[in-house]
Amino acid sequence: MHPALSVILFTTASGAGYGMLFWLGLLAPLGLLPIAAGFGVTASLLGLALVTFGLMSSTLHLGHPERAWRAMTQWRTSWLSREGVAALIAYMPAVLFPLLWLWQEAAGPLGFISAATAAATVVCTGMIYASLKPIRQWHNPYVLPIYLLASLFSGGACLAGVATFWNAEPWLADASVVLAVVALAAKVAYWRSIDSGVGARTPADATGLGKLGTVRSLDPPNTEENYLLREMGYRIARKHAGRLRVVAMLLGFVAPIVLLPFVPPVAAIAALLGLLVERWLFFAEATHTITLYYGRAT
Amino acid sequence: MTRPSAAAEVIDLSPVVGDEVKYTTCYMCACRCGIKVHLKDGRLRYIEGNRNHPVNKGVLCGKGSAGIMQHYSPARLHKPLLRVGERGAGEFKEIEWDEALNLATEWLGNVRATDPKRLAFFTGRDQSQSLTGWWAKQFGTPNFAAHGGFCSVNMATAGLYSIGGSFWEFGEPDWDRTKYLLMFGVAEDHDSNPIKTGLAKLKARGAKFVSLNPVQTGYSALADEFLAIRPGTDGLFVLALVHELLRTDRIDLEFLASYSNAIWLVINNPGGSDDGLFARDADGKPLAWDRTTEAPVDASTPGIRPAVVGTLTLPDGRRARPVFQLLAERYLDGKYAPDAVAERCGIPAATIRRIATELADVAFNQTIEIDQPWTDTSGRRHEKMIGRPVSMHAMRGISAHSNGFQTCRSIHLLQMLLGAIDTPGSWRYKSPYPKPIPPAAGPVGKGSNPNTMLPGMALGFPQGPQDLLLEDDGTPIRIDKAFTWDAPLAAHGMMHMVIANAWAGDPYKIDTLFMYMANMAWNSSMNPGESMRMLADKDPATGEYRIPHVIYSDAYFSETVPYADLILPDTTYLERWDCISMLDRPIGSPDGPADAIRQPVLAPDRDVRPFQDIVLELGARLQLPGFVKDDGSPAYRDYPDYIANHERTPGIGPLGGWRGTDGTAVGKGAANPDQLARYVDNQCFWRHRLPDEQLYFKHANAAYLRDAHAMGLVPNTNQIVLQLYVEPLQRFRLAAEGHGPVQPPDEKRARVRRYFDPLPIWYAPVEDTAPEQAAWPLHAITQRPSIMYHSWGSQNAWLRQIYDRNHLYMNRRTATALGIAEDDFVWVISRTGRVKGQVRLMEGVNPDTVWTWNAIGKRAGAWNLGADAPESRDGFLLNHVISEFRKEADGMLQSNSDPITGQAAWYDLRVRIEKADTAVADPRYSTLPRPPGLTAPPHLLRFNASEPA
Amino acid sequence: MTAIPPPGGKKLGLVIDLDTCVGCHACAVNCKEWNTSGHSAPLPDFDAYQAKPQGVWFNRVHSYEAGEGNDSRTVYFPRSCLHCEEPACVTVCPTGASYKRAEDGIVLVNPDTCIGCKLCSWACPYGAREFDEDAGVMKKCTLCIDRIYNTNIPEEDRVPACVATCPAQARHFGDLGDPNSAVSRLVAEREGYDLMPELGYKPVNKYLPPRERPRYAAPAEPAVESVANPFLRWIDRALSR
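Treat the numbers as computed from the prediction; the structure is a model and nothing was measured. (Residues numbered from 1 in each chain as written. Chains lettered and ligands numbered in written order. Predicted model: local features only at pLDDT ≥ 70, side-chain atom pairs only at ≥ 80, totals over all residues. Heavy atoms only, no water.)

A.B. asks: What should I look at first to understand the nonpolar core in this one?
C.D. replies: Where a protein is soluble and globular, its nonpolar side chains tend to be buried together. Counting residues in each nonpolar core, the largest one holds 456 residues, and the members touching the most others are W138 of chain A together with W135, F237 and F324 of chain B. For this core, the element with the highest residue contribution is helix α5 (residues 143-164) of chain A, accounting for 14 residues. Taken together, domain 1 (156-432) and domain 2 (766-915) of chain B each give at least three residues to this core, which thus spans both. Beyond its immediate stretch of four places on either side in the chain, F237 of chain B contacts F184, L212, L227, I229, C345, I347, I352 and I355 of chain B. Among the nonpolar cores identified, the runner-up in size contains 9 residues, and L265, A279, L287 and L314 of chain B belong to it. (Core = buried A, V, L, I, M, F, W, Y, C linked by side-chain atoms within 4.5 Å. Buried < 20%, exposed > 50% of the residue type's maximum accessible area, 1.4 Å probe, protein only. Helix = DSSP H or I, 4+ residues; strand = E, 2+ residues; numbered from the N terminus. Domains from an automatic or database assignment. Contact = heavy atoms within 4.5 Å.)

Here it is in structure tokens:
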């Protein structure tokens, strides 16, 4: 799948942003975070900034951004619409929460609501990908959990990074380390899963001509590229993917695991950069059944 | 659960398609389907097939459907151009039509006044040869032809000398009734839509379709049985079938005796001047031997019991044998047995035997009977029409070889043995065929004198050496050397030899080369690099171009434009009148004659004129007889005026419909000035349905021949006797053996003796016998893609998205053995050159054959495509490695053609494949600059009929 | 409205006959020219005359080889929207621009409300949707909704352009929801199949498979015997002229 920069930025940034808002909204009422209002506002702002940057980035990906409001209407059936609605809803508690930071009675429930809506938004985003049957590397049981874990881990790392400036307890950073380890393990398991070829189809499957034997493309319907091949035919070579996986793992998980106990802000940045690579790979390694019709394997 | 969306779409379910509808004829290929063109605000909106048209009955292929883009092509020329730089540089200035026509008239006038044959007029893919050929005759030059010698003259001539019709344009399978179709050498065209529709019918009713082709694409994909035959060996396969049928006596001897020359007596007098000729009576009628009277008799006599075998002695003591005896002796020989040919063809012997059995089974055990009485030309009444429902079709795959004529003849032989000519379910003639064998007089070329017309048409059908176009000293009369001992039956001329011969001054220098719709500096040439060089070459002694004047007419900026001195821009097919005439390349059907016109759907938006109007105008300016009235004024205002009012012979004009002053005459009648309006009213076509009694056995159907004669389709009502044995060939052979006043030069005797066999033979394509065979182990051929017709297609904005480059296809196993993988870049190397291509592997191709799609490769800049368009950067033409010459074993240069008809032997090409280091295209020629009037085309096209593009 | 309408209306669709398709691209090109006007027009062509020509097409014709060596077949394969019964391209659409009509099952994109997020093209396993980069909206086969009910064209022409133009009779149009319709009977007779049915989209268009080629056993039956000295037969043959 073509790794569109706008979408990669969106999912990475908003993933981290919602992760931050989740942890903020959940842990602050439980007293597990610095109580300074400055922290609450800064963390919220950063979280909201990441989320907003991500959402704007994804809107730029649209052919008609001016019609984006319409995307709120089909939440009954569409994960993308649900994500839009959830994101919109999530703004309210996420904005109010820091404003009412010092008013404990209101802040608490608001925090939990903020955390819940943030999590819901992340789930919707993950489901957009996980629900797409034509892309076997996305329609994979690991995808949604990894998406959540990445959000929680990167959000936690970012929050821990901010909390550093308020001399927070190390335990958020430590928890983020645990999440990173789990996320890494899940990612490795995911890669093993997709490398095994589970769910892979052949041109024979796509065309239904398997009874005649191995099916190979003779002439494509167009000798240059077209939208389908550009959007869904992009595929990185195994060799390059392997290298980038190592980069993603080292930068996105190993470095944060190592750095979080010491310099959470740097760890957070490493996590975000690494997750950008991981997200890029998530697209680049994904194959769509349309390419079967063009004679490629998935 | 369902709630209507606030954004529920309002759709116009009944939009008006356009504000105007016009009917005309497509010209995206040679099929000539009828089209219905919708216009909106004066622009093209939609082109669809015309349901009522006899050729396509409403369907339309991908090419026809792309007509909008063909018409609005940015490659269209805009105004007459005069060359200002060197030839090949592509520097022109725009001039007015008057100046252009004055210049052309001046050049042509000089030629006519000094030596008319120094005009070479070649009209490529054009289909108005009856006008252009007549113009050439009135001008007085024998140097005229269209593209047939380059294309499929083998197939056409073999048929016209054997059965009075031929595959493709003059005949077709009985699509509604045939039970078995054997198809040779057809990729996907010739014809296009009728074959597709026909095959669909066959599949629907379970008829068997067998396809022989080295490559499994196009129609072969639909075949019930596909045989990946080695190129050039189809004739061997067919003669093996003939062997089988004779061996097992599964032939229709009654049919042969009644309708062919099987019973005609052939003189057996080795060394004598009548050896191998028919024994004839005092009136020149061929003789047969009547078993009842044990005496020779006029073979057309009804009621005799003819001998088909034996050696008979004529009253004058000469010995003679029936044609059938000779035929049987020859093909029963073991060398034609399936086992003897299998390896050569690449088809197992068991398969050949089985197919022979299948053919015979269908022909003789699954006959069709139609309860329709008919009377033959002997006066015998038949109560039914008995059909042998085996049909055949063949095209360029067998034609474009140096053995194509004899190969196609052998297919006709097979048809005749099966009794499967124009019977229900077999192959049928398309009107105006059948015609007498051969259909017209010999070619005319002698007597070319200043300001004098020729006494006859330049192209014709020789009956013997006396019809060759040779001066008394043996010099060829034609610049392409057609109708000489190099190519005696070159009935379509030899376009591919013109430039080389003109450059060399062999047999003589010409003054003006006038080309129309012939991209002879590119894909309509073998070895285009050489053609380009020759067109631009100057004689060092004089500093003048070796070919002094080149005039070129085309609608588009093709690769040939830069090599012309004067460009006369043509309209597109939607901007003009035209006629698809029975005098030309007809669109008749087996059920009756038909013809059609084109009418202008749009007026040209640039300063161009229809070529035929130019031909008429030049004819008038040059005062050619027939083109001017007695007072010297133009005889015709324009082409439509000519179409309606010209009579080639009394009562016969370009169009057969609505003739006579009242418009009721069919086929023959006085000119009707209102004729074109009648055609336009009838959606631009005319058809005449024959009565049921006349639908079959037309070659011997008395009622058919009577009416055909009345309509002017045939010159008399005589039976057209199918020729198993083609006597004219024997006359050439006798000349080679030293008889008669016109004989070949000594160095050509052996060649004529060998190839001019009056019965079909098979010989390996000449290239296969050339020295060092091992160096060129693979056959290399091309096929036409379904979506393109020569170089016209790949400039089309829509069609080029389907193909803008071509690959070299190789058999996977063969490639692997050579260490070549998919997508590798390789050199295709022939005796004469090399070209680079990218490999694609496939299964369905003869293991010893490589191939590519033709005419996709273009020269950079041509057709107003971007300089780095894939057509020029990645596409390649196999033409670059084919030469129009071939070196014979004795070192002599011979035309790379069939020795009988001069057909360009494209598919004889032998190559080897070697990996290439780089992907850079090779050869690659300099980018052609845009001629004046053309502008850089847009990058983004959003074609919408309501808005300007 | 991206909810899938309840079943009960017609199921209009196409039947593609892979046994008679000759790969001539007539359907693809005719569709392109029909759609120069009407519901989704104009369709763009980028680099139309330059180095990377590509445009938006609703129908594309692939060619394949299936099998090996002498058993290999060449199969031409037109691919366009299958107007599925349960199309994910409709349910994933966030705006409702992608919708399925209740009355005839045609799946359409409303070019006025599409936001161009491209998700529907990801959801379609068959590549039926192509994005118009110039207009910023998704486009696809409309089953010629501007022809099939069009009272301004003759009744016999009220079929999709691709069906009307196909020279090889390889395309058929009708109500696949009516078991007695001509298309349904054709599907039953020829064992028409769905593409990738396991994905659960329930495509309405059906493909008719290429018919099997007869296999010829090595000749166990004796070859037809030669006629001993056929010339003798032919001498005696009582022919009349």
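Still to come is the rest of the account.
A.B. asks: Is there a simple way to think about the pattern of salt bridges in this case?
C.D. replies: When their charged atoms lie close together, side chains carrying opposite charge are able to pair. Counting across every chain of the model gives 90 salt bridges over all chains. For D565 of chain B, the salt bridge identified is with R83 of chain B, shortest N-O distance 2.7 Å. With D565 of chain B in the loop between β24 (549-554) and β25 (566-569) and R83 of chain B in strand β4 (residues 81-83), the pair connects residues that are 482 residues apart, well separated along the chain. In this structure, K384 of chain B and D371 of chain B form a salt bridge, with 2.9 Å as the shortest nitrogen-oxygen distance. Here K384 of chain B, found in the loop between β19 (381-382) and β20 (385-387), pairs with D371 of chain B, found in the loop between β17 (368-370) and β18 (374-375); they are 13 residues apart in sequence, far enough to count as distant. Among the residues examined, K384 of chain B registers a relative accessible area of 32% and is labelled partly exposed. Among the ionic contacts, a cluster of salt bridges with common partners joins R216 of chain A, R812, R813 and E843 of chain B together with E68 of chain C. (Salt bridge = Lys/Arg side-chain N within 4 Å of Asp/Glu carboxyl O.)

A.B. asks: Hey, could you run me through the interface of chain B and chain C in this one?
C.D. replies: As a measure of interface size, the accessible area lost when the parts come together is often cited. On the chain C side, the residues contacting the 115 residues of chain B number 89 residues. Counting each side, the surface lost to burial between chain B and chain C is near 8,400 Å², with a carbon and sulfur contribution of 53%. At the boundary of chain B with chain C, the tally comes to 4 salt bridges. For the pair chain B and chain C, the interface holds 45 residue pairs in polar contact (both at pLDDT 80 or more). At 6 residues, the largest contribution of residues to the side of chain B that touches chain C is made by helix α7 (residues 193-205) of chain B. Of the residues that constitute the side of chain B that touches chain C, the class distribution is 55 nonpolar, 29 polar and 31 charged. For strand β37 (residues 940-942) of chain B and strand β2 (residues 44-46) of chain C, the ladder comprises 3 bridges, and the chain directions are antiparallel. By the bridge assignment for β2 of chain C, R942 of chain B is matched with P44 of chain C. (Buried area = accessible area lost by both parts, 1.4 Å probe. Polar contact = N/O pair within 3.5 Å; in protein donor to acceptor, adjacent residues only side chain to side chain. Nonpolar A, V, L, I, M, F, W, Y, C, P; charged D, E, K, R; others polar. Pairing = 2+ DSSP bridges.)

A.B. asks: It is not clear to me how the sheet that holds strand β5 (residues 73-79) of chain C should be interpreted in this structure. Could you clarify?
C.D. replies: Each strand in a sheet pairs with another by means of backbone hydrogen bonds, the pair being arranged parallel or else antiparallel. Spatially, β1(A)-β4(C)-β5(C) is the arrangement adopted by the 3 strands of the open sheet, whose pairing is antiparallel. Edge positions in the open sheet fall to β1 (215-219) of chain A together with β5 of chain C, since each of these has one partner strand only. Between one strand axis and the next, the sheet turns by 40° as a mean value, whatever way the strands run. Two elements, β1 of chain A and strand β4 (residues 60-66) of chain C, share 4 bridges in a ladder whose sense is antiparallel. (Axes fitted to C-alpha atoms, helices over the stretch in contact; angles between N-to-C directions.)

A.B. asks: I keep staring at the interface of chain C and chain A and nothing clicks. Help me out?
C.D. replies: Listed by partner, the interface residues are 62 residues for chain C and 54 residues for chain A. Between chain C and chain A, a total of about 4,700 Å² is buried, with carbon and sulfur atoms accounting for 58% of that surface. Counting the contacts that link chain C with chain A gives 4 salt bridges. Notably, a salt bridge pairs K118 of chain C with E231 of chain A, separated by 4.0 Å at the nearest N-O pair. Run the count over chain C and chain A and you get 31 residue pairs in polar contact (both at pLDDT 80 or more). Take the side of chain C that touches chain A: its biggest share by element is 7 residues, from β4 of chain C. For the side of chain C that touches chain A, the per-class residue count stands at 33 nonpolar, 16 polar and 13 charged.

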